[in-house]
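Here is what each chain is made of, one letter per residue.
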Amino acid sequence: MSVSHRIVCGFSPTLYSRSQSLSFVRCGSFQLLHIFFNHVGYSSPLFPLTMPRHQCGGGSKGHRWVEKSNPNRQSTSYSVSDSIPSATTEIITNRLNSLGVAEKNEQSDASEPSIQFGNIGLTSHAPIHGKKSIWKPKSKAYGTVIGTTAAEVNNAPTDSMAVLANKTRTASTEKPDAGLSKLFSGILLENFTVDNSTYSIAQIRATFYPKFENEKSDQEIRTRMIEMVSTGLATVEVSLKHSGSLFMYAGHEGGAYAKNSYGNIYTAVGVFVLGRMFREAWGSQANMKQAEFNDFLERNHMCISMELVTAVLGDHGQRPREDYVVVTAVTELGSGKPKFYPTPDIIAFCRKWRLPTNHIWLFSTRKSVMSFFAAYDALCEEGTATPVCKALDDIADISVLGSKDHVEVQGEILEGLVARIVSHESSKHMEQVLRDYPPPPSNGADHHLGSSLREIFAANRNDEKQQIKALLNGVGPSLCPNHLDWFGHEVSQSHSRNVDQSVLSKFLQSRPADFSTAKLQEMVRLMREKRFPAAFKCYHNFHKINSVASENLHFKMVIHVYSDSAFRRYQKEMRCKPGLWPLYRGFFVDLNLFKVNKERLTEFSTENNAVVEIDGDTNGASAKYGLADEDANLMIKLKFLTYKIRTFLIRNGLSILFKEGPAAYKAYYLRQMKIWNTSAAKQRELSKMLDEWAVSICRKFGNKQLSSSTYLSEAEPFLEQYAKCSPLNQALIGSAGNLVRTEDFLAIVEGGKDEEGDLEPEREITPLSPTYTVKEAVRKDEGLIVFFPGIPGCAKSALCNEILGAPGGLGDDRPVRSLMGDLIKGRYWVKVSEERRKKPYSILLADKNAPNEEVWRQIEDMCRSTKASAVPVIPDSEGTESNPFSLDALAVFMLRVLNRVNHPGNLDKSSPNAGYVLLMFYHLYDGKSRQEFESELIERFGSLVKMPLLEPDRSSLPESVRSILKEGINLYKLHTNRHGRSSTKGTYANEWVKWEKQLRETLLGNAVYLNSIQVPFEFAVEKVLEQLKAIVKGEYAAPSTEKRRFGTIVFSAVSLPVSEIIDLLENLLSGKDPKIEEILNTMNLKSNLTKAHVTLAHKRSHGVTAVASYGPYLNQNVPVNITALFFSDRSAALEAEPGTVDGEKISSKNEWPHVTIWTAEGVAAKEANMLPHLFKQGEATRIEINPPVTITGILEFF
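Per-chain numbering applies: the sequence of each chain, read as written, is numbered from 1 onward. Only residues with pLDDT of at least 70 are given local features in this predicted model, and only at 80 or more are side-chain atom pairs given and counted; all residues enter the totals for whole chains, interfaces and linings. Derived side-chain values reflect all non-hydrogen atoms in the structure, with water molecules and hydrogen atoms excluded from consideration.

Regarding the side chain of Arg569
Condition: A run of H or I in DSSP becomes a helix once it reaches four residues, and a run of E becomes a strand once it reaches two; helices and strands are each numbered from the N terminus. Think of it in three bands: residues with accessible area under 20% of the maximum for their type are buried, residues over 50% are exposed, and the middle band is partly exposed, with areas taken using a 1.4 Å probe on protein chains only. Counted as a polar contact is a pair of N or O atoms within 3.5 Å, where, for protein atoms, one must be capable of donating a hydrogen and the other of accepting one, and residues adjacent in sequence contribute only when both atoms are in side chains. Two residues form a contact once any of their heavy atoms are found within 4.5 Å.
In this fold, Arg569 is placed in helix α21 (residues 564–576). A relative accessible area of 7% places Arg569 in the buried class. Of the polar contacts made by the side chain of Arg569, one reaches the backbone oxygen of Lys530; its length is 2.6 Å. Ignoring sequence-local partners within four residues, the contact set of Arg569 consists of Lys530, Arg531, Phe532, Pro533, Glu881 and Ser882.

Right, dumping it as structure tokens:
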């Protein structure tokens, strides 16, 4: 029913059946409800009735695709909170009848008595008629799906509690508009007090998958995925990543949502595009199907998530040719934790409703999954949609075409792939779905669809509100019957939809009315207590306006996570507290605060406590499918360089280019390429192109920065012209404009690389990067900058003095100088740069804290402009989950500062705000874990020196010290949120004075302990000097950042040991024929043959799929039979026949498998392919090796 016709009705809905109805005639407590839900086994807002069975292997035994049929249902839309869907009533009533709970009543349409529970009316509903049968799956979930356990749902009558809250009445007789004015002005909320009679209900309205941050490296994730597939525990599912934005839809009452917002232009565009998808699919039936779809989502409390791809909301990697959505998730939100459909069920759901689906591949064997990763490695630096989809179609065990072809609707530029672990039964489940639900027809092709999205935007260019109205009017009332989320209620026009943050505190103080609310309160409390970077934004819920009263308030809450670090930190909390619900992306909650009258408060509290104290979340979905939690959440995103060129290197680099200049831009893109492990050849090509781009765009725009939202208007023509210059440029760019066609460059990828290459002397390609090769000595004709990403009190000045006085310096004859920051007037790093230019070959100790990326970038610029290397020296510390320095280290640094006297920087025991200053430095590193901190420094500068600080076997930090530090951290966050980092003046000035005094008392009182846990300073100096000298001499190896190098796969081959080939030729052939001996001497193999291999497949000659097909045998030993020697006056090669690996024959794609061992000067190695043909013509010699000699090699990618 619409908002304007919603009835304040009862707690218990009528349970309607064709044969009889059930009514509650007594309700003195909640006992009957407990009997009801426990015996029914309520676990979903929908109870499908059995259709003819379609057995699916993907679920457990008895898995069925089922259809719910009830011809007596009306099409009237109503909120799920108003009643239990009447499609469930027959099965519920039958179960209750069998338990003897239902009241015998021969009249099927008998009226139900109204029951009063406190001041909450319990009025039943009449049955609803006339609704067509609707498909809905009854299946288990796979992958990251997390379902509701039996213990949880049997004790959490969520829908009943929602009904109770939504029916709360008030005795107020004031006019509705007056009451709403009080609501929007904040008077109702201000007067709403929290006491023992205050309850709350929180219902998730829309959400997307939890964001799981894998702690393993990409290579470790790959290895684990392969292991799980190889042992039959799981399947790897891969999907295309369309380049758009997250859009979620929960029905016209549930709302439309973007990632962290709603009621704006983004959601209006999403609703419009979704409506257009219905018109394209259903034609003349579209309006009816839109209304049915809304009704379906409302009744079943569901949400669908989509990738919204459009040209009107800002540029990504390529402007799409069409505006469209692709469904990526279907979620049930009705009872307990959100339950995400597995991909086969998503496809069935979408085909039933004719919604767009994604392209999906399943890899269920070791061979296929290893081939998949090999294919990506071969394509990651050049892949576009056509070759990527073709390769995966050839390799996958199951390929499900998307209903929207990426090339047709978006273009060739492909953002990437998403690979994740799903149940090993998913393949059978998918096969069954594909049989049962064939691709639906498209009935709208010949129908006029109305104005397009781009036409509407073009006609309404000046006013965003007018654009929104035009979009929503274009959707029509069947999908969007009201515009409340965008324009609010008429009474609210003069008020903001935002509400006071006291809503959140009152929500947390209230008593949860159901299990879900208790879990959501737990989540919010934890995030607030741990100071996660997230906001809990509350708004008026305009859809519930007619239910608002002085003791019954409705709001919407948006949980907006600001940083990915919050997800990582939350995952750690989940490992410690398995009962925690996940932190979802795109998280929207309906809040209801209400009161229960005193007469029924005791009974309500007793029953309520029985519900909320039960945490049945002991068996996660992952356990159901035999997957440990860390395995169930394994996922890896695989992006393509052709997309990253546009988004990361061009678009995201615009602000640096225009604000800091071409030199800073060059440092930025080189650093990005290094982080991605881009091959050296691609780095050279990209550097040339990006330098030309920088010159071109700066010449055109001057100092006015190009907008990142429309950057493709300039970038696309530039890329198109650049691609025309050469086939190599075409391959680099991938696709641009209308003239660069995919088929033009598929055949010339990596065309400059020799297919053989073993006979060429190795030439190392030096990456164009401001970083330094591991184990390479710091050159004597270059300088060295030693700098300190630390905190005051980390002993950097004392360390610099020791380095200056060290006998022999750092092991070479370069002078060592130090610049102390506290003694330098003016801009310190400018002074450092000047000193570097004066003495470019010196070693400079930058005695100043270098705490952030801005400083690091300045140091990188100095290295590039003054020919220097840079080495960061950091205090060794375990760090916390969000800061690279532990509280133990912070306490030691503070004590050292408070023990100083006459410090040149005036930061010593006489400083009244010394503690505040150290907290300020400490928080400059906030948001980075220790691993992230160290990895970034290594990636930027190629090395890292750790200064020992604390004894490893020390006792725990005293609680008094820990407590005072946490108190200071909390106070600092409160202060900076209101006043920034300027000073301790302001609202909390008195609190700072008190805290500084307590800090000194606490640290000085624990000085003996804090001094005892530090390593001797002499030991720390010794270790730092050892590490610095190793770097200077080239004996240092940087710690691994666990990043794998991709993008260099061109061919697969079996590498053979050169020594065994030379022994074979000398021992078997020498002495048989003087001519052979003469040729062998001419070859001089001991000097010229450095590598030997049998080529199996080459990307240029045989295609990506052929190369990737050898992935399952990577790094395995392969026996190779050498059967003959062929030679002419221009080349020589051994005829080879690869053997088997684990019973599988390894066959070469080459017509003549061979090992090229020699070519004359100026002769290409590929000419050896012609030796059998020359032999037949009498222009080459063949010497048979009988019996064949077997040499074992290793299968590798090159």
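Examining the sheet that holds strand β26 (residues 945–947)
The criterion, for reference: When DSSP finds two or more bridges between two strands, those strands count as paired. Angles here are taken between N-to-C directions and fall from 0 to 180 degrees, while the axes themselves are lines fitted to C-alpha atoms, restricted in helices to the stretch in contact.
Within the open sheet, the five strands sit side by side as β23-β24-β22-β25-β26. Their pairing is parallel. Among the strands making up the open sheet, the edge pair consists of β23 (816–820) and β26. In this sheet, adjacent strand axes meet at a mean angle of 25° when their direction is disregarded. Where β23 and strand β24 (residues 843–849) come together, five bridges link them in parallel fashion. Looking at β24, one finds that Arg817 is bridged to Leu844. The strands touched by helix α32 (residues 828–838) within the sheet are β22 (783–788), β23, β24 and β25 (868–875), with β24 carrying the most contacts at an inclination of about 175°. Against the sheet, helix α40 (residues 1017–1033) contacts β22, β25 and β26, and its axis sits at roughly 175° relative to β26.

What about the nonpolar core?
Going by this rule: In plain words, nonpolar cores are sets of buried Ala, Val, Leu, Ile, Met, Phe, Trp, Tyr and Cys residues tied together by side-chain atoms within 4.5 Å.
The biggest cluster of nonpolar side chains holds 99 residues, and the ones touching the most others in it are Tyr249, Phe349 and Leu355. Counting residues per element, this core draws most heavily on helix α9 (residues 265–282), at eleven residues. Counting residues in each nonpolar core, the second largest holds 78 residues, with Val236, Tyr376, Leu379 and Ile1157 among its members.

Side note on the packing of aromatic side chains
Applicable threshold: Aromatic rings from Phe, Tyr and Trp, with only the six-membered ring used for Trp, were paired whenever their centres fell within 6.5 Å, and each pair was classed as stacked if the ring planes differed by under 30 degrees, edge-to-face if by over 60, and tilted otherwise.
Summed over all chains, the structure comprises 36 aromatic pairs. Ring geometry for Phe296 and Phe349: centres 6.1 Å apart, planes at 45°, overall tilted. Linking Phe296 in helix α10 (residues 286–300) with Phe349 in helix α11 (residues 343–353), this pair joins segments that are 53 residues apart in sequence. Considering the side-chain rings of Phe718 and Tyr722, the 6.0 Å spacing of their centres and the 25° angle between planes classify their relative orientation as stacked.

Remember, this is a structural readout, not a statement about activity or role.
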